Amino acid sequence: MHFSSRSNQPWYTDTQLPLSADAHVMAQATQMNVLDITTPLRVEHDKKRRQFSIRLNGSHDRAVLLYEYVGKKTVDLQHTEVPEAYRGREIAKHLAKAAMDFVVEEDLKAHLTCWYIQKFVKENPHPHYLEHILH
């Protein structure tokens, strides 16, 4: 903030305008949805609930990948969901990789019902993934 020499009133450059109370609250809310790129994403696997998840910025928001066992050694990778505010940041890619790595490590077969998992495997056609996919 600078003061005008004539009126002793503050004047602001474009980047220094004060925020109204509403704008300040909106700015804070927007900042809460910004993924901190310095924090590595940690995929959690809850075998009991049959889901992979990533907590986003320590908040209650989570990205999830859901699966079901459809046989003793067969899973159906059913659905991936990332909250809208976090989309386009490759969060689903981390979930998909964790799920496919799980399929490989447990020597399972997988149905890929989820379109995103299908896309992930198509873009990452590793033989160790492909040999575990049921068509």
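No experiment lies behind these values; they were computed from the predicted model shown.

Asker: Give me the overall build of the protein: which residues, what numbers.
Answerer: Within the protein, the regular secondary structure consists of four helices and seven strands. Counted from the first residue to the last, the protein has its helices and strands arranged as β-β-α-β-β-β-β-α-β-α-α. Each of the 135 residues in the protein was classed as buried or not, and the buried ones make up 29%. In the form shown here, the protein has an accessible surface area of approximately 9,600 Å², with 53% of it arising from carbon and sulfur atoms.

Asker: Which residues make up the side chain of aspartate 101, and what values go with them?
Answerer: Position of aspartate 101 relative to the elements: it lies in helix H2 (residues 91-105). Taking the relative accessible area as the measure of exposure, aspartate 101 reaches 19% and is therefore buried. Among the polar contacts made by the side chain of aspartate 101, one reaches the side chain of tyrosine 129 at a distance of 2.8 Å.

Asker: Just give me the short version of the pairing of strand E3 (residues 43-46), but keep the residues and values in it.
Answerer: Sheet analysis places E3 next to strand E4 (residues 51-55), joined by four bridges and oriented antiparallel. Residue pairing for E4: valine 43 is matched across the bridge by isoleucine 54. Once E3 ends, the chain turns through four residues before running back antiparallel as E4, passing arginine 50 with a positive phi of about 55°.

Asker: Before we move on, can you summarise the confidence of the model for the protein with the specific residues and values?
Answerer: For residues with low pLDDT, the predicted coordinates do not support detailed interpretation. Counting all residues, the mean pLDDT for the protein is 81, and 71% of those residues have values of 70 or more. Below a pLDDT of 50 lies the segment residues 1-7, which in the model reaches 14 contacts outside its immediate sequence neighbourhood of four places, other chains included. Low pLDDT, under 50, characterises residues 9-33; the predicted model gives this stretch 23 contacts beyond four residues in sequence or across chains.

Asker: How would you explain the packing of H2 against helix H3 (residues 115-123) if you had to name every residue and give the values?
Answerer: Packing of H2 against H3 leaves a shortest axis separation of 10 Å and a crossing angle of 80°. Our classification of the angle between H2 and H3 gives roughly perpendicular. In this structure, H2 contributes Ala92, Lys93, Ala96, Lys97 and Met100 to the contact, and H3 contributes Tyr116, Ile117, Phe120 and Val121. Residue classes in the contact of H2 with H3 are distributed as seven nonpolar, no polar and two charged.

Rules behind the numbers
Residues numbered from 1 in each chain as written. Predicted model: local features only at pLDDT ≥ 70, side-chain atom pairs only at ≥ 80, totals over all residues. Heavy atoms only, no water. Helix = DSSP H or I, 4+ residues; strand = E, 2+ residues; numbered from the N terminus. Buried < 20%, exposed > 50% of the residue type's maximum accessible area, 1.4 Å probe, protein only. Areas by Shrake-Rupley, 256 points an atom, 1.4 Å probe, with all protein chains shown as cover. Polar contact = N/O pair within 3.5 Å; in protein donor to acceptor, adjacent residues only side chain to side chain. Pairing = 2+ DSSP bridges. pLDDT = per-residue confidence, 0-100. Contact = heavy atoms within 4.5 Å. Axes fitted to C-alpha atoms, helices over the stretch in contact; angles between N-to-C directions. Parallel < 35°, antiparallel > 145°, perpendicular 65-115°, else oblique. Nonpolar A, V, L, I, M, F, W, Y, C, P; charged D, E, K, R; others polar.

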